[in-house]
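What follows is each chain in one-letter form.
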Amino acid sequence: HNFFGNRSSKTFKPKKNIPEGSHQYELLKHAEATLGSGNLRMAVMLPEGEDLNEWVAVNTVDFFNQINMLYGTITDFCTEESCPVMSAGPKYEYHWADGTNIKKPIKCSAPKYIDYLMTWVQDQLDDETLFPSKIGVPFKRNFMSVAKTILKRLFRVYAHIYHQHFDSVMQLQEEAHLNTSFKHFIFFVQEFNLIDRKELVPLQELIEKLTTKDR
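Note that the coordinates shown come from a computational prediction; the quantities given were computed from them, not determined experimentally.

### Considerations on the packing of helix α3 (residues 52-74) against helix α5 (residues 143-171)
Stage number 1. It is the contact of α3 with α5, at a shortest axis distance of 10 Å, that shows an interaxial angle of 25°. Between α3 and α5, the angle falls in the class roughly parallel. As for how α3 packs across α5, the hand of that crossing is left-handed. Only Phe 143, Met 144, Ala 147, Ile 150, Leu 151, Leu 154, Val 157, Tyr 158, Ile 161, His 165, Ser 168 and Val 169 of α5 make contact with α3, whose side of the interface consists of Leu 52, Asn 53, Val 56, Ala 57, Thr 60, Phe 63, Phe 64, Gln 66, Ile 67, Leu 70, Tyr 71 and Ile 74.
Stage number 2. Along the lines of polarity and charge, the residues of the contact of α3 with α5 split into 19 nonpolar, 5 polar and no charged.

### A look at the packing of aromatic side chains
Stage number 1. For the structure on display, the rule yields 16 aromatic pairs.
Stage number 2. Ring centres of Trp 55 and Phe 188 lie 6.5 Å apart, and the angle between their planes is 50°; this geometry places the pair in the tilted category. Linking Trp 55 in helix α3 with Phe 188 in helix α6 (residues 175-191), this pair joins segments that are 133 residues apart in sequence.
Stage number 3. Taking the relative accessible area as the measure of exposure, Trp 55 reaches 0% and is therefore buried.
Stage number 4. When the centroid spacing of 5.4 Å and the interplanar angle of 65° are considered together, the rings of Tyr 162 and Phe 182 count as edge-to-face. Placement of the pair is Tyr 162 in helix α5 and Phe 182 in helix α6, with a sequence separation of 20 residues. Note on accessibility: Tyr 162 and Phe 182 belong to one class, buried.
Stage number 5. Cluster of aromatic residues (ring-pair linked, three or more members): Trp 55, Phe 63, Phe 155, Tyr 158, Tyr 162, Phe 166, Phe 182, Phe 185, Phe 188 and Phe 192.
Stage number 6. Cation over ring: Arg 41 sits above Phe 187, and NZ or CZ is 3.9 Å from the ring centre.

The rules behind these values
Residues numbered from 1 in each chain as written. Predicted model: local features only at pLDDT ≥ 70, side-chain atom pairs only at ≥ 80, totals over all residues. Heavy atoms only, no water. Axes fitted to C-alpha atoms, helices over the stretch in contact; angles between N-to-C directions. Helix = DSSP H or I, 4+ residues; strand = E, 2+ residues; numbered from the N terminus. Parallel < 35°, antiparallel > 145°, perpendicular 65-115°, else oblique. Left-handed = near helix turned anticlockwise from the far one by under 90°. Contact = heavy atoms within 4.5 Å. Nonpolar A, V, L, I, M, F, W, Y, C, P; charged D, E, K, R; others polar. Phe/Tyr/Trp six-rings, centres within 6.5 Å; stacked < 30°, edge-to-face > 60°. Buried < 20%, exposed > 50% of the residue type's maximum accessible area, 1.4 Å probe, protein only. Lys NZ or Arg CZ within 6 Å of the ring centre and 35° of its normal.

This is the structure:
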């Protein structure tokens, strides 16, 4: 079932799956198992003896895939007409720049922005020097700053969905799925301090609501 018939085939192709039997696959399985326990604070913690870069890498790929799916459910409602700007409520608007192809931030519609964003993330995830899938290949020194940029940008997709499309999410009965995914994302970035607080302001109230009952 392809939500993205109208988009370039390159976009939103989920990240090549983490190879079965690999260490990263084991880590992903560990993440899924601990998530099942329902204690998210515990679930996001670095498993004993594991490499932080690798843990962040595996989870970043997973969040990309989750957001991909979630946004996929509402693309029909996120159009040039409905969302001429990439916003998260009336106070926050995002302009796209990736520093290489587009150096000066451009104002564009939400679907176009998210298309740029997800394609950019995909390119980072597919770069073996940044996200090595082979055992023993070291992470680059700047890995963490790249991961932080990816997560900061992925947050904006959640923010847009919550602010502009939550009614559609509810119609589709996807709100539990969205909330669970976002809560996991927030606990993860809080645990390792991966996104600046000021970046999270558009969903501050929601974040407080989702995280306070678990202290």
